[in-house]
Amino acid sequence: MSMVASDVTVYGPYKQQTLGIAGTATAASASYTGSAAYNPTTLTPPPVPNPPPPSQFNIQLQNGGVPGLSIPQKGSFLGFSVEFSVVTQIRYIHSSFLQVPFLNLMANIRERAGSINIRVGGNTQDSATLVSSIADGADLEKDYSGSTNPTATPPTIFTSDIMKMMLGISNLVNVRWYMGLPFYNTSNFRLEIAEAGESILGDNLIGLQVGNEPDLYSRHGHRPANYGPSDYVTEFGQLVTAMQNDANVPNQGLLIGPNLAGVWSPEDIWNTGFVQQYNQELSALAVERYPSDNCYATFGIGTPRTGQEMFPSYLTHQSGIDIVSSYLNSTNYAQSVGKPFLMFETNTASCGGFPGLSDSFGAALWGLDYSLQMAYSNFSGALMHVSGQDVYYNVPPPTNQSTFHQWTIGPIYYSALVMAEVLGSSNASQVVDLQANGNNEFTPGYAIYEHGQPMRVALFNYVSDPTGASDYTASISISGGMVPAQVNVKYLAASSVAQKYNFTWAGQTFGDVFSSDGRPVGQLDVQTVTCDQSNNVCSIHVPAPGFALVFLNGQASSESDSGATMTFPTTAYTKTENTVTIDQAVLATSNDYILAFPALLVAQS
């Protein structure tokens, strides 16, 4: 039996079964059989560490001459990776009708970062085929009879309407796209994807991935057992030659490799002379990495793990440090050869994440800390993977619902939204890990500098303690300067690291399951803290758990959030009795968005 619904990316006969864990799951969650994205499993927070982190400590910033700063980072540092086979879930019916909640979610980030980077790819990209049309009029279909890999990934066919949809999104909310070139069959590279991508998307196409986790190809049966780094480099060269012989691919400098999963080390590729040989064709170097996996529960392979046993390992600053540590040599190498180094796909765990963990407030803190650690370690960008209804770390739309107020916004979206404000829109932000509170793993902090001046401070508290005894106060001072008379502070908050949904960022939330149209709701709450200028100290309270972003001046605030976000009202329905048709000629000649409906409708070229 094959799953054929278009809203899943867990393929084949397997389905996640929630394991009963005493004290961590309700009776409802233990018997739950619906989509993973809405699984009600709630975990038990880890106990307060013994000894607990100090509740008061100093942070010394300085003006100018700051050692250890990262390379300048863009506000769009943290983007998204969308599994290719479910890309149509971001719109209804056809490429003229876009999902308004998705546009709103992207508009929120665009307002803070200036743009958003999204990759359309994953396992399904390597067998994807662009066709002129599909018999039933669909834009994308999956062939489950040809499913391969331990995860039963189906081959996918799609039409150019997918790219027209992407262009419409770019025009509305300034999304820039990465796409993947099919790489399973090196005798026929199917460059139509590159041809159509460059023709339709133009400058909105910023990269073409060559091979998705090629170091897993032999394990998954797509290459011989002895397939190695030099073989990948050879095949990369064959693709370059094919592109050089294709006049319909004018921009041949968009390629991204090697996109390793971690079986090979990046150095295995660098040592072949890969970058030097294909310097002109490479736009960036990239890897993919998950800190763990839940493949046993989903597919019966690998090591059995539960969210409850794994939860504490995500609630620590050490998690991000450990993930990034194996790439420090490569980020230095990338700088030496003048290439960006990207984390092209990541999230809490592969094979869909863990119930109760990947959809928790703890995951939001982890995703933000991990992203800042990558920025500090000189990655140039990272993409959090989102997929269909059968994963736990998603921002999923219910594809069979008619109204628009029914998206469920997961923790990783909160991470991305806050990350955009942490870095701001100046594209000059440099990050430093403060090793705060004696480098305590539960209370990390970062400072963000621009042109040598401190602009923002990011403070975490991973401890979950409803008594308030584990809240802390960080006393910020500035060497070579004076703290301002007052600072603004925004908080990312929840009652527990195990809380699911209804988190707040500066008092606003995207609500519970099935409740969001992509616009934050609630009264904006930006707190003003009066500083003690006589002692050059600003004292910042951080709850347990929680995150505080401290804006040290007005410019820092304006760069991170320039005001009200232009969003799109959700007044359209896909049921025929509630559907309105707008003449696209009217839309094409309009200078403004007609927000009730035409914001959903994208003129076709």
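Above this text sits the structure in question.
Throughout, a residue's number is its position along its own chain's written sequence, starting from 1. Only residues with pLDDT of at least 70 are given local features in this predicted model, and only at 80 or more are side-chain atom pairs given and counted; all residues enter the totals for whole chains, interfaces and linings. Only hydrogens and water are removed before side-chain values are computed, so all heavy atoms of the structure are retained for them.

J.: Just checking my understanding: could you explain the environment of R119 for this structure?
T.: For the purposes of this entry, the term helix denotes a DSSP run of H or I that reaches at least four residues, the term strand denotes a run of E that reaches at least two, and both are numbered from the N terminus. Relative to the helices and strands, R119 resides in strand 3 (residues 116–121). As a C-alpha pair, R119 and V82 span 37 residues in sequence and 6.0 Å in three-dimensional space. Among all residues touching R119, those that are not within four sequence positions of it are F80, S81, V82, Q125, Y178, Q209, N212, E288, F344, E345, L383 and H385. Here a polar contact is taken to be a pair of N or O atoms separated by no more than 3.5 Å, where protein atoms must pair a possible hydrogen donor with a possible acceptor and residues adjacent in sequence count only if both atoms sit in side chains. Reaching out from R119, the side chain makes a polar contact with the side chain of E345 at a distance of 2.6 Å. Whether two residues touch is decided by their heavy atoms; if any such pair falls within 4.5 Å, the residues are in contact.

J.: Hey, could you run me through the pattern of salt bridges in this one?
T.: Working definition: two side chains of opposite charge can pair if their charged atoms are close together. Should a side-chain nitrogen of Lys or Arg be within 4 Å of a carboxyl oxygen of Asp or Glu, the pair is scored as a salt bridge. Within the structure shown, the criterion is met by 10 salt bridges. Here R119 ties to E288 by a salt bridge, and the two come within 3.5 Å at their closest N and O atoms. Linking R119 in strand 3 with E288 in strand 10 (residues 282–288), this pair joins segments that are 169 residues apart in sequence. Neither residue differs from the other here; R119 and E288 are each classed as buried. Taking the shortest distance from any N to any O, the salt bridge between K490 and E421 comes out at 2.9 Å. Linking K490 in strand 17 (residues 486–493) with E421 in helix 13 (residues 411–423), this pair joins segments that are 69 residues apart in sequence. As far as burial versus exposure is concerned, K490 and E421 are alike and both buried. Overlapping salt bridges, with partners in common, bring together R112, E421 and K490 in one network. The classification of residues rests on relative accessible area computed with a 1.4 Å probe and restricted to protein chains. Under 20% of the type maximum is buried, over 50% is exposed, and intermediate values are partly exposed.

J.: Got a minute to help me understand the side chain of T156 in this structure?
T.: Note that T156 resides in strand 6 (residues 156–158). Dropping the residues within four chain positions of it, T156 is found in contact with F84, S85, T124, S127, A128, T129, L140, E141 and K142.

J.: How do you make sense of helix 11 (residues 328–336) when you look at a structure like this?
T.: Think of an α-helix as turning once every 3.6 residues; residues three or four places apart then point the same way. When helix 11 is considered as a whole, its buried residues turn out to be S330, T331, Y333 and A334. In a view along the axis of helix 11, the buried residues occupy a sector of 160°, so they form one face of it. Close packing links the buried residues of helix 11 with helix 6 (266–270), helix 7 (274–277), strand 10 and strand 11 (341–346). G338 occupies a position one or two residues after helix 11 and carries a positive phi of about 70°. The arc refers to the directions leading from the helix axis to the C-beta atoms.

J.: Would you mind showing me how to read the sheet that holds strand 9 (residues 255–260) here?
T.: Two orientations exist for strands paired in a sheet by backbone hydrogen bonds: parallel and antiparallel. If you walk around this closed barrel you meet the 8 strands as 2-3-7-8-9-10-11-12, and the pairing is parallel. With direction set aside, neighbouring strand axes in the sheet form an average angle of 30°. Here 2 bridges tie strand 8 (residues 205–210) to strand 9, and the two strands are oriented parallel to one another. Counted as the bridge partner of Q209 is I256 from strand 9. Helix 5 (residues 229–244) contacts strand 7 (175–181), strand 8, strand 9 and strand 10 of the sheet and is inclined by roughly 160° relative to strand 9. Across the sheet, helix 12 (residues 361–376) lies against strand 2 (78–83), strand 11 and strand 12 (381–386), angled at about 150° from strand 12, the strand it touches most. Think of it this way: DSSP has to see at least two bridges between two strands before they count as a pair. Angles run from 0 to 180 degrees between N-to-C directions of axes, and those axes are lines fitted to C-alpha atoms, restricted for helices to the stretch in contact.

J.: How do you make sense of the sheet that holds strand 1 (residues 56–62) when you look at a structure like this?
T.: The strand order across the open sheet built from 3 strands is 1-16-20, with neighbouring strands paired in mixed fashion. Strands with a single pairing partner mark the edges of an open sheet, and in this sheet they are strand 1 and strand 20 (538–542). Here the average twist between neighbouring strands, direction ignored, is 25°. Both strand 16 (residues 472–479) and strand 20 contribute to a ladder of 5 bridges, which runs antiparallel. Looking across to strand 20, one finds that Y472 is bridged to V542.

J.: It is not clear to me how the nonpolar core should be interpreted in this structure. Could you clarify?
T.: A general trend in soluble globular proteins is that nonpolar side chains are found buried together. In plain words, nonpolar cores are sets of buried Ala, Val, Leu, Ile, Met, Phe, Trp, Tyr and Cys residues tied together by side-chain atoms within 4.5 Å. Judged by nonpolar contacts, the single largest core of 126 residues is most densely connected at M106, Y232, F274 and F547. Of the residues forming this core, the biggest block, 10 residues, is contributed by helix 13. Those domain boundaries reflect an automatic or database domain assignment. When we break this core down by domain, the ones giving at least three residues each are domain 1 (56–65 + 431–559) and domain 2 (78–426). Leave out the neighbours within four places in its chain, and M106 touches F80, I116, I118, V173, V175 and Y413.

J.: In this structure, what is going on with the side chain of S319? I would like to understand it.
T.: Following the sequence through the fold, S319 ends up in helix 10 (residues 317–325). Among the polar contacts listed, one links the side chain of S319 to the side chain of W366, at a separation of 2.9 Å. Discounting chain neighbours no more than four positions away, the residues touching S319 are S313 and W366.

J.: I keep staring at the packing of aromatic side chains and nothing clicks. Help me out?
T.: What characterises a pair of aromatic rings is the spacing of the ring centres plus the angle enclosed by the ring planes. Two rings from Phe, Tyr or Trp (for Trp, the six-membered ring) form a pair when their centres sit within 6.5 Å of each other. Planes less than 30 degrees apart are called stacked, planes more than 60 degrees apart edge-to-face, and all others tilted. Under the counting rule described, the total for this entry stands at 29 aromatic pairs. Their ring planes at 85° and their centres at 6.0 Å tell us that Y327 and F379 sit as a pair that is edge-to-face. Taken together, the residues span a long stretch of sequence, with Y327 in the loop between helix 10 and helix 11 and F379 in the loop between helix 12 and strand 12 at a distance of 52 residues. Side by side, Y327 and F379 carry an identical accessibility label, which is buried.

Any link to function would need more than the numbers given here.
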